[in-house]
Amino acid sequence: MEQAAGCPAVGGSYPQKNAEILSSQYGINLFLAGLLLTFAWAVHAVGISKSHLLSYLITLMLIQLLWMLWYLCRSCTQRRLIRDKDTHAGARWLKCGITLFAVITLILDSFKIGYYIDFSNCLSPTEGIFPVTHAVHTILQVYFLWCHAKDVIQSFKTLERFGVIHSVFTNLLLWTNGVLTESKHQLNEHKERLITLGFGNITIVLDDHAPQCNCTTTTLCSIFSQGIYYLYPFNIEYHILASTMLYVLWKNIGRKVEHHQQNKTPFKFHGITVGMIFGLMVLTSTIAIVVVYLIQIGGSRIKSELALTMFYLHAIFVLALMCTAGIIALLIYRLEDRSLDNSKNPARKLDAELLVGTAAGSWLLSWGSILAIICAQGHPKYTWYNLPYSVLVIIEKYIQNLFIIESIHREQEKANDDIKTLRIVTISRGSTLSLTPLYKEVYNGRAARDSGDEPCLFKGSICGRENDGAGVAKEETFQDNSLVMHSASDFSFYGRNSVTNNKRRILKNIAAFLFLCNLSLWIPPAFGCRPEYDNGLEEIVFGFEPWIIVVNLAMPFSIFYRMHSAASLFEVNCKT
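Residues numbered from 1 in each chain as written. Predicted model: local features only at pLDDT ≥ 70, side-chain atom pairs only at ≥ 80, totals over all residues. Heavy atoms only, no water.

In the nomenclature of an unreviewed UniProt entry, the protein is known as OTOP1 protein of Struthidea cinerea. Looking at the protein in UniProt, the text filed under Sequence similarities (unreviewed entry) is "Belongs to the otopetrin family." According to the UniProt record, the Subcellular location (unreviewed entry) comment for the protein is "Cell membrane". (UniProt positions renumbered as here; feature names shortened; annotations may be inferred.)

Following this line, the structure appears as structure tokens:
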């Protein structure tokens with residue numbers, strides 16, 4: 001009978017599992033088709049133009065728009081129904097972050113529209129339709145994520161799986177398109193700078209997709225064309241964040257959620273002054289280094305070498321500080337005895353997997369640089385700074401990943417049980433009196449003591465006790481013994497609390513410092529400060545084309561790692 005009763009439940013899971021497999025395969029094929037179109041356009045394949053790629057992306061965005069509108073309309077008609085929510089998904093700070101990136105993405109779309117208007121005589125109509133469609137897609141998608149990122153879908157599950165996974169891979173393709181466009185621009189600038197470093201044996205062929213006609217207003221065209229590439233890093237981060245939030249929504253479809261109240265963990269500046277000050281110092285110095293680097297690199301051979309040396313020294317110093325901070329945090333964790341939260345959590349699992357997966361991008365570049373330094377026959381002076389820099393990049397990410405993953409898996413600290421139950425033992429005339437007051441009495445006693453008034457319990461007397469007929473000497477002895485016992489217990493409790501608070505304060509400062517450091521290290525590669533391009537040594541050892549391919553594949557993951565680490569560290573700071 002038990003087996004028969006269990007059969008429907010087991011059998012009922014098969015259609016949902018099949019729907020999950022089918023939808024994931026649909027999404028992968030969707031992505032691979034778009035990836036091949038993007039690659040064909042990048043290598044100037046015969047018969048493939050940019051308009052074909054943009055038409056494909058426009059179609060995918062329109063399909064997603066129709067699905068989101070259908071989902072929003074259905075949600076409005078079912079407003080009165082109580083729905084399951086995943087309290088771990090779609091944190092408010094994450095929604096605020098994606099909104100900020102979306103606003104800058106809308107500015108990018110307006111620049112593209114202006115660029116199309118100025119070159120409308122020789123550009124395909126799809127290049128004007130794409131930014132308009134993308135702007136509408138961005139606005140509706142941000143609204144959708146704000147309202148429904150926490151949803152645990154329990155109806156129309158098969159259809160919703162296809163809709164959500166379509167949205168995931170649409171954003172991944174838009175991310176890929178942005179990465180490729182920005183990488184081609186960086187590669188053109190890199191080729192022009194190589195001559196100043198003396199690498200004249202490398203053939204300089206610019207891969208340019210510039211329009212073959214004159215601009216109607218030269219000044220505006222220059223502003224639009226240059227501004228677009230400075231805004232692409234924010235567009236890239238927007239799409240990868242959107243795809244991760246949608247992926248969590250897809251994993252939550254049909255999931256059984258445990259109904260328990262999630263403690264809110266707001267961000268507070270109190271107690272993290274030291275970490276914020278040091279982090280802001282790193283951020284300010286990094287911005288200054290990037291500005292000087294972009295001005296100096298490519299000016300002359302001497303200026304380029306000085307710019308590279310300056311970058312490496314600054315990065316070595318920052319990475320060493322981050323390694324030290326991470327080691328201190330891990331040592332504090334080793335001194336604590338707190339259990340880990342191993343409950344099922346798709347958002348937390350995805351965070352951990354993304355940290356390790358995207359770190360592999362910068363590890364690949366670092367190992368390439370280390371091998372190039374070891375194998376190269378000639379070594380310009382500035383290239384030797386690349387060795388400690390590459391080693392520290394590997395170590396720092398290793399330590400930081402351990403710290404973040406352990407932090408997001410640690411259970412939040414609960415109220416100390418020592419204050420809940422207080423036992424007073426008083427020996428008087430060979431007898432033992434034991435009292436266990438209520439938690440409310442003790443709590444009120446602590447509140448009264450904080451305000452300067454000792455409650456009757458801590459004065460050595462017991463409120464409402466029944467020994468009114470006892471003598472004065474007995475009462476004084478009882479009061480003295482009780483006071484001593486309470487003083488020792490209270491001192492021990494506050495001593496433990498003080499140590500715990502100090503550990504928490506140190507951890508919060510470390511998290512705040514690492515948060516700002518990761519933002520600082522996101523800025524250089526995102527805005528064109530890439531010594532992996534300008535060093536030149538790796539291109540001699542591995543060859544120009546192979547090394548450029550490696551950099552173009554690994555760099556987007558390295559850039560995303562820093563932003564994702566910053567987001568994770570923000571969450572760690574809130575939870576600590």
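Further notes follow.
1. Some thoughts on the nonpolar core
If you look at the biggest cluster of nonpolar residues, it comprises 124 residues, and the most contacted ones within it are Phe144, Phe311, Met322, Tyr389, Phe403, Leu514 and Trp522. For this core, the element with the most residues is helix H6 (residues 218-251), which contributes 16 residues. Split by domain, the residues of this core number at least three in each of domain 1 (15-256) and domain 2 (270-413 + 499-575). (Core = buried A, V, L, I, M, F, W, Y, C linked by side-chain atoms within 4.5 Å. Buried < 20%, exposed > 50% of the residue type's maximum accessible area, 1.4 Å probe, protein only. Helix = DSSP H or I, 4+ residues; strand = E, 2+ residues; numbered from the N terminus. Domains from an automatic or database assignment.)

2. Observations regarding the pattern of salt bridges
For the structure on display, the rule yields 5 salt bridges. Of the charged contacts, one joins Arg74 and Glu160 as a salt bridge, the two residues approaching to 2.6 Å between their closest N and O atoms. Taken together, the residues Arg74 in helix H2 (residues 50-77) and Glu160 in helix H5 (residues 157-194) connect sequence positions 86 residues apart. In this structure Arg74 comes out as buried when scored by relative accessible area, which is 12%. On the basis of relative accessibility, which here comes to 0%, the residue Glu160 falls in the buried class. (Salt bridge = Lys/Arg side-chain N within 4 Å of Asp/Glu carboxyl O.)

3. Description of the packing of aromatic side chains
Going through the model one piece at a time under the given rule, you end up with 21 aromatic pairs. Arranged with centres 5.4 Å apart and planes meeting at 70°, the rings of Tyr71 and Phe144 form a pair that is edge-to-face. Taken together, the residues span a long stretch of sequence, with Tyr71 in helix H2 and Phe144 in helix H4 (residues 126-148) at a distance of 73 residues. Judged by its relative accessible area of 2%, Tyr71 falls in the buried class. You can call Phe144 buried: its relative accessible area is 0%. Their ring planes at 55° and their centres at 5.8 Å tell us that Phe515 and Phe570 sit as a pair that is tilted. In this pair, Phe515 sits in helix H12 (residues 472-526) while Phe570 sits in helix H15 (residues 544-575), placing the two residues 55 residues apart along the sequence. An aromatic cluster of three or more residues is present, and its members are Phe101, Phe234, Trp522 and Phe527. (Phe/Tyr/Trp six-rings, centres within 6.5 Å; stacked < 30°, edge-to-face > 60°.)

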